[in-house]
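Coordinate inspection notes
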Amino acid sequence: MQSPEFQKSSETILGGTVTPNQLTKPPVKLKGCVYRRDGTKVRLSERLGGTMGDFVLTDNPEVIGTLACADTLEGRGLYLGHYMGGHYGHFITETLSTFWIFEENPSEAFDYFLFHPFVFGVAIPTYVQFCLDRFGIPADKIVFVGSGALAFEELLVPERLFRLNHSADPRSRWTYQQIAQAARPPAIPSPRLYLSRRRFSRKNFERVVANEVEIELEFQHRGYRVLYPETMTFEDQVGLYSRADQVAGISGSGLHNSLFMKPEAEVVE
């Protein structure tokens, strides 16, 4: 278990090993992290899971013996944690929680960027691509850990500043500011936004709000612009969120977008 207090720390590992990505179920246990040359575990490389309804538990031994490695990653790499690009909410919270490291280390300083996969696959949607481009991460330098162990020459491992259902460090704000600043300004700024789930809920009946039409009308009467985020580009969304004074909506990934808002802005949940 990691310390509950954030240190905004990182560790450079020389000549270590990355263990294979494995998911077992049930119960769901997640295996795969970074180990030093002497076989000891780099705790910063683990995802803190299993808190308050998160069913993916991290399970890595403290020490490992010598492993047969399928390949050796040459040069200087950056380990960015678990890739969750297939789920918008988890990507902008969990995956981006290591990107604070680019404030201190430009992407040009690394030969590759290493991720362990998660349960959402390894596809790169447009919103992920926008973020990767913002931090200078080319697709041909991304490496996903597979079913075999990897050796490496040098790997920088940053702390994750978000832990699902547990805690978050406000110093990660820098990451979201960088993304927001890259989004073009909206043609028509809207100080008040209501993020509707109505069109999304047609395809995902687990999250239906039965009277959302009435809710939309009520917010419209109060001067809010109703948005259907899934019909917009990520850049256009962020352009609006970053300039809004108030964003309202139902609990869910939509309101995670408050991360891109101004510090003095308000969220209505």
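Everything discussed here concerns the structure shown above.
Structure report, in brief.

Scoring rules and cut-offs
Residues numbered from 1 in each chain as written. Predicted model: local features only at pLDDT ≥ 70, side-chain atom pairs only at ≥ 80, totals over all residues. Heavy atoms only, no water. Pairing = 2+ DSSP bridges. Helix = DSSP H or I, 4+ residues; strand = E, 2+ residues; numbered from the N terminus. Axes fitted to C-alpha atoms, helices over the stretch in contact; angles between N-to-C directions. Contact = heavy atoms within 4.5 Å. Buried < 20%, exposed > 50% of the residue type's maximum accessible area, 1.4 Å probe, protein only. Arc of directions from axis to C-beta. Phe/Tyr/Trp six-rings, centres within 6.5 Å; stacked < 30°, edge-to-face > 60°. Lys NZ or Arg CZ within 6 Å of the ring centre and 35° of its normal. Salt bridge = Lys/Arg side-chain N within 4 Å of Asp/Glu carboxyl O.

So, on to the sheet that holds strand E16 (residues 266–268). On the basis of which strands lie adjacent, the open sheet formed by 4 strands has the order E14-E13-E15-E16 and parallel pairing. If you trace the sheet from one side to the other, it starts and ends with strand E14 (225–227) and E16, each paired once. The sheet shows a mean angle of 25° between the axes of neighbouring strands, direction not considered. Bridge count between strand E15 (residues 246–249) and E16: 3 bridges; the pairing is parallel. Considered in E16, the bridge of Ala248 is made with Val268. Contacts from helix H5 (residues 212–221) reach strand E13 (192–195), E14 and E15, with the element oriented near 180° to E13.

On the basis of which strands lie adjacent, the open sheet formed by 3 strands has the order E3-E4-E6 and mixed pairing. In this open sheet, the two strands that pair with only one neighbour each are strand E3 (22–24) and strand E6 (57–58). Taken together, the 2 bridges between strand E4 (residues 29–31) and E6 define a ladder with parallel strand orientation. When the bridges of E6 are listed, Leu30 appears paired with Thr58.

What follows covers H5. Among all positions of H5, only Glu212, Ile215, Glu216 and Phe219 are buried. Buried positions in H5, seen along its axis, are confined to an arc of 100° and lie on one side of it. Exposed residues lying more than 90 degrees from the buried face of H5 are Glu214 and His221. Count one or two residues on from H5 and you reach Gly223, which has phi positive near 90°.

This part is about the pairing of strand E8 (residues 112–117). Counted residue by residue, E8 has 6 buried out of 6 residues, so it is predominantly covered. Side chains Tyr112, Leu114 and His116 of E8 all project onto a buried face; the interleaved residues Phe113, Phe115 and Pro117 project onto the opposite face, where all are buried too. The sheet contact formed by strand E7 (residues 69–83) and E8 spans 5 bridges and is parallel. Within E8, the position partnered with Tyr79 by the bridge is Leu114. In this structure, E8 lies alongside strand E9 (residues 142–144), joined through 3 bridges in parallel fashion. Across the sheet, Phe113 pairs through a bridge with Ile142, a residue of E9.

Inspection of the entire model under this criterion finds 19 aromatic pairs. A cation sits over an aromatic face here: Arg163 above Phe6, 4.0 Å from the ring centre.

With the rule as written, the count across this model stands at 16 salt bridges. Across the salt bridge formed by Glu46 and Lys41, the nearest N and O atoms sit 3.3 Å from each other. Side by side, Glu46 and Lys41 carry an identical accessibility label, which is buried. With a shortest N-O distance of 2.9 Å, Arg198 and Glu216 are connected by a salt bridge. Residue Arg198 is found in helix H4 (residues 198–201), and its partner Glu216 is found in helix H5; the two are separated by 18 residues along the sequence. Residue class for Arg198 comes out partly exposed when judged on its relative accessible area of 24%. Residues joined by salt bridges that share partners form a network here, namely Lys41, Arg43, Glu46 and Glu62.

In this section: unusual backbone geometry. A positive phi angle, near 50°, is found at Lys8, a position not held by glycine. Residue Lys8 is classed as partly exposed on the basis of its relative accessible area of 21%. You will see that Asn165, though not glycine, has its phi angle at about 60°, which is positive. Considering the arrangement of structural elements, one finds Asn165 in the loop between strand E11 (162–163) and strand E12 (167–168).

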